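# Observations on the model geometry
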Amino acid sequence: MTRATLVRANLGRHKRRTILTVLGLGIALFLFVTLQTFLHTLRSIGDIGSETHLVVTNKLGIVFPLPMAYRARLQAMEGVESVGYASWFGGIYQDPSNFFANFAVDPEYLAMYPEIVVSPEHREAFMADRTGAIVGVRLMERFGWQVGQTVTLQGTIYPGNHDFTIRGVYSAGRKGFDETSLFFHHRYLEEIARNQGMDGVVGWYVLKVTDPNQAAAIAQAVDEAYENSASPTRAQTEKAFNLSFIGMYGNIGFFLNAIGMAVVFAILMVSANTMAMSARERFSEIAVLKTLGFTDGDVLRIVVAEAAWIVGLGLALGLGGAVLLFNVMDFDMGGFAPGLSVSPGVALGAFGIGLLIATASAAIPAMQAARLKVTDALRYVA
Amino acid sequence: MPLVEVRDVRKVYRRDTVEVPVLDGLNLDIEQGEFLALMGPSGSGKSTLLNLLAGLDSPTSGSIRVGGEEISSMKPKRLAAWRARHVGFVFQMYNLIPVLTALQNVELPLLLTPLNKKQRREHAETALRIVGLEERMHHFPRQLSGGQEQRVAIARAIVTDPTLILADEPTGDLDAKSAEEILDLLGRLNAEYGKTIVMVTHDPHAAERAGRTLHLEKGVLVGDGARPVAAGAGAVSGAGAGAGAAGGEEGAR
């Protein structure tokens, strides 16, 4: 028998209430950590973009293509080391719920991204096959695909069923980089597009510049060069391009933070109510403890310890669950949010929120218990 | 020198703007090893006096000395420590902690002593053996009869070998047979272990077990039926229950 025994025994007094409170706290903290992790990952997308890469899209938006004829002129511009291009294919594998990103790319594009790690054998096999594809390792696992297998994608932009042969598997050369995409030859897309009268265009260009300090000037030069053309451009660093994607979500940071805070506030109220009820029900027992010689401080510590246990268990459930799901099991919301990982900062934030809930919910009942006048409480019981 | 000296004690409760006097200039001496019964009608001040002796409340004026220590002017923290060392309290409604076993309930006051876990357990087992409940030590209060619960409460009161055992109507909620057992137990603690006991009761039969009976009416002592003080030798610690506990030496006086 120790003081901890007393605290644990008190927590077991109303098992259902304790379990429900812990579950409620756990779910709320899990939600908070998930929202913050999503937000953190989204913000880190901006950090992923390279300063030496310029992305050139149609000024009207990424869904509008650019002429393939731009490539030669872009390549000739001063300060441009190489030019790659890619197009969004938008193919569906068997069912729209099996969504994953699939792009047509030229060889130069793949060469620009050392993060896309492919073995020399796979790269060679891919280059040799007109309908070949390179697939991310997690996408391979998701559908149980094998190298050499033919995969049929149903076109949404380019109608019909289109076959691709998996010739290589890529993995991410850096943590957080996507491993769930499919890349195939742009020349194969051109064949498909030619049959449908949509050839001669690309989705976007990526320019590798020799000096990142010149990136802004080159971007300006590109936009000025095509300002009065039928397809004006918008050139920006890859970082800015990625951030503009985030911008498409609107002020998502504000909304996610607001939801997270609302959840925390709600659970704080629930937790405070539970602690208050628990302490109030035991005023007579607290009076007995004081009669035995427990001080106001002893009683206060017991009530706070109970709150700490409840919040600690909720934190273990919520934060532990999120870490297990995202950091250990690499859960990516069905490919929607790859690379989610609970950062130390988010974990520390959740710990702080837990501490706040424990302190705030225990403060009033602990003070009431500490200030309880023994004779009044005993008279009430008797 | 008496163990307990109460001098000119007044206790006035304030209800809004109205002052209600409960004890009015009370003087009382209680000797070491005495078994004292406090009787009187409801509202006469019996429980108030008991609470003052336990240091659970403080007098409006006057002085209370127990074992030579003035408790009426002690700060709350020091008073709590004093209570843990010197007072064993037995309630009418037993007031055991329902989520703890009998053994754990008895161990509870020992958490405030420097004893280690093993020693605490040994002392609690000894106290339960003294009250005849060693077979029920792992039972929860709900698994015990009223009489057994009160015996656990008495074990909790004696486990620290206190100077003073204060019992507030300890048989008030029990049937006749259980009440008799509790009175026998209190009598044995007084006679065999020399414990000083102050018991509040409404029951004249229970009061007969005490060596001395005091009657309180409207906060004033109106009668003092004294019999010889029990000549009990050795404290509970002598039987091993409170040895090493903080209050051991005082209890043995």
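These figures come from a predicted structure and were not determined experimentally. (Residues numbered from 1 in each chain as written. Chains lettered and ligands numbered in written order. Predicted model: local features only at pLDDT ≥ 70, side-chain atom pairs only at ≥ 80, totals over all residues. Heavy atoms only, no water.)

Here the focus is the overall build of chain B. Per the secondary structure count, chain B includes eight helices and ten strands. Looking at the 253 residues of chain B, the share that counts as buried comes to 58%. Summarising the internal contacts of chain B: among those between residues at least 6 apart in sequence, 71% fall at separations of at least 24. Put simply, chain B shows about 10,100 Å² of open surface, and 49% of that area lies on carbon and sulfur atoms. (Helix = DSSP H or I, 4+ residues; strand = E, 2+ residues; numbered from the N terminus. Buried < 20%, exposed > 50% of the residue type's maximum accessible area, 1.4 Å probe, protein only. Contact = heavy atoms within 4.5 Å. Areas by Shrake-Rupley, 256 points an atom, 1.4 Å probe, with all protein chains shown as cover.)

To continue, consider the pattern of salt bridges. Counting across every chain of the model gives 28 salt bridges over all chains. Arg3 of chain A is the partner of Asp298 of chain A in a salt bridge, and the nearest nitrogen-oxygen pair spans 3.1 Å. Of the two residues, Asp298 of chain A is situated in helix H12 (residues 296-328) and Arg3 of chain A in helix H1 (residues 3-11); the sequence distance between them amounts to 295 residues. The exposure class assigned to Arg3 of chain A is partly exposed, which follows from its relative accessible area of 32%. Arg7 of chain B is the salt-bridge partner of Glu5 of chain B, the closest N and O atoms lying 3.8 Å from each other. Salt bridges sharing common partners tie together Arg3, Asp298 and Arg301 of chain A. (Salt bridge = Lys/Arg side-chain N within 4 Å of Asp/Glu carboxyl O.)

Here we come to the pairing of strand E7 (residues 150-154) of chain A. Residues and elements named next belong to chain A. Residues Val151 and Leu153 point to one face of E7 and are all buried, whereas Thr150, Thr152 and Gln154, pointing to the other face, are not buried. Two strands pair when backbone bridges link them, and E7 and strand E8 (residues 161-172) are joined in this way by five bridges, in the antiparallel orientation. Residue pairing across strands places Leu153 opposite His162, the latter belonging to E8. Between E7 and E8, which pair antiparallel in sequence order, lie six residues; one of them, Gly160, sits at a positive phi of approximately 110°. (Pairing = 2+ DSSP bridges.)

Quite often, the size of an interface is put as the accessible area lost when its parts meet. Chain B puts 25 residues into the contact, and the matching count from chain A is 24 residues. Summed over both sides, the interface of chain B with chain A buries roughly 2,300 Å², with 70% coming from carbon and sulfur. Considering only the side of chain B, the residues that lose the most area to chain A are Val99, Leu111 and Leu112 of chain B, jointly responsible for 23% of the buried surface there. In this structure, the connection of chain B to chain A is made through one salt bridge. Lys373 of chain A serves as the salt-bridge partner of Asp57 of chain B, at 3.5 Å between the closest nitrogen and oxygen. For the pair chain B and chain A, the number of links is three residue pairs in polar contact (both at pLDDT 80 or more). The element that contributes the greatest number of residues to the side of chain B that touches chain A is helix H2 (residues 76-86) of chain B, accounting for four residues. Class assignment for the residues of the side of chain B that touches chain A results in 14 nonpolar, three polar and eight charged. (Buried area = accessible area lost by both parts, 1.4 Å probe. Polar contact = N/O pair within 3.5 Å; in protein donor to acceptor, adjacent residues only side chain to side chain. Nonpolar A, V, L, I, M, F, W, Y, C, P; charged D, E, K, R; others polar.)

Bringing the environment of Pro120 of chain A into the picture now. Residue and element names in this part refer to chain A. Mapped onto the elements, Pro120 comes out in helix H5 (residues 120-128). Residue Pro120 is classed as exposed on the basis of its relative accessible area, which comes to 59%. Distance in space between the C-alpha atoms of Pro120 and Gly168 is 9.4 Å, their sequence separation being 48 residues.

Before going further, it helps to spend a moment on the confidence of the model for chain B. Regions with low pLDDT should not have their predicted coordinates read in detail. All names here are of chain B. Mean pLDDT over chain B stands at 86; residues scoring 70 or higher make up 88%. Low pLDDT, under 50, characterises residues 227-253; the stretch is placed with 79 contacts to residues that sit more than four places away or in other chains. In the model output, the complex is listed with pTM 0.69 alongside ipTM 0.86. (pLDDT = per-residue confidence, 0-100.)

Residues and elements named next belong to chain B. Taking 1.5 Å of rise per residue, the 18 residues of helix H6 (residues 176-193) would be expected to cover 26 Å, and the 25 Å separating its terminal C-alpha atoms lies within 8% of that figure. Among the residues of H6, Ser178, Ala179, Ile182, Leu183, Leu185, Leu186, Leu189, Asn190 and Tyr193 are the ones counted as buried. Seen from one end, H6 has its buried residues packed into an arc of 155°, which puts them on one side. Along H6, exposed side chains directed more than 90 degrees from the buried face belong to Ala176 and Lys177. Along its buried surface, H6 packs onto strand E3 (35-39), helix H4 (117-130), helix H5 (146-158), strand E7 (164-168), strand E8 (196-200) and helix H7 (204-208). If you check the start of H6, you find a side-chain oxygen 3.1 Å away from the backbone N of Lys177, and it comes from Asp175. Looking one or two residues beyond H6, the residue adopting positive phi is Gly194, at roughly 65°. (Expected span 1.5 Å × (residues − 1). Arc of directions from axis to C-beta.)

All names here are of chain A. Looking at the element boundaries, Thr37 is found in helix H2 (residues 15-48). Within the local environment of Thr37, its side chain forms a polar contact with the backbone oxygen of Val33, the two atoms lying 2.7 Å apart. Beyond its immediate chain neighbours, meaning those up to four positions away, Thr37 contacts Leu340, Ser341, Val342 and Val346.

This part takes up the confidence of the model for chain A. Averaged over all residues, the pLDDT of chain A equals 87, while 93% of them reach at least 70. Confidence, expressed as mean pLDDT per element, reaches its minimum in chain A at helix H14 (residues 374-381) of chain A with 69 and its maximum at strand E9 (residues 182-185) of chain A with 96.

Attention shifts here to the nonpolar core. Residue and element names in this part refer to chain B. Leu53, Leu108, Leu166 and Val198 are the most contacted members of the largest nonpolar core, which totals 90 residues. In contact with Val198, not counting residues within four places along its chain, are Ile30, Leu36, Leu38, Leu50, Leu53, Leu164, Ile165, Leu166 and Ala167. In terms of nonpolar packing, the next biggest core, distinct from the first, is built from 41 residues, Phe35, Ile130, Val152 and Ala206 among them. (Core = buried A, V, L, I, M, F, W, Y, C linked by side-chain atoms within 4.5 Å.)

Take unusual backbone geometry next. All names here are of chain B. One non-glycine residue, Asp8, lies in positive phi territory at about 50°. Inspection of the secondary structure puts Asp8 in strand E1 (residues 4-15). A positive phi angle, close to 65°, is found at Tyr94, a residue other than glycine. Within the secondary structure layout, Tyr94 lies in the loop between strand E6 (87-90) and helix H3 (102-107). Overall, the relative accessible area of 8% leaves Tyr94 in the buried class.

Let's shift gears to the environment of His186 of chain A. Residues and elements named next belong to chain A. Turning to its location among the elements, His186 is positioned in helix H7 (residues 186-195). His186 gets classed as buried once you look at its relative accessible area, which sits at 2%. Sequence spacing of His186 and Tyr85 is 101 residues, and the spatial spacing of their C-alpha atoms is 8.3 Å. In contact with His186, not counting residues within four places along its chain, are Met68, Tyr85, Ala86, Ser87, Ala104, Val105, Asp106, Val201 and Val202.

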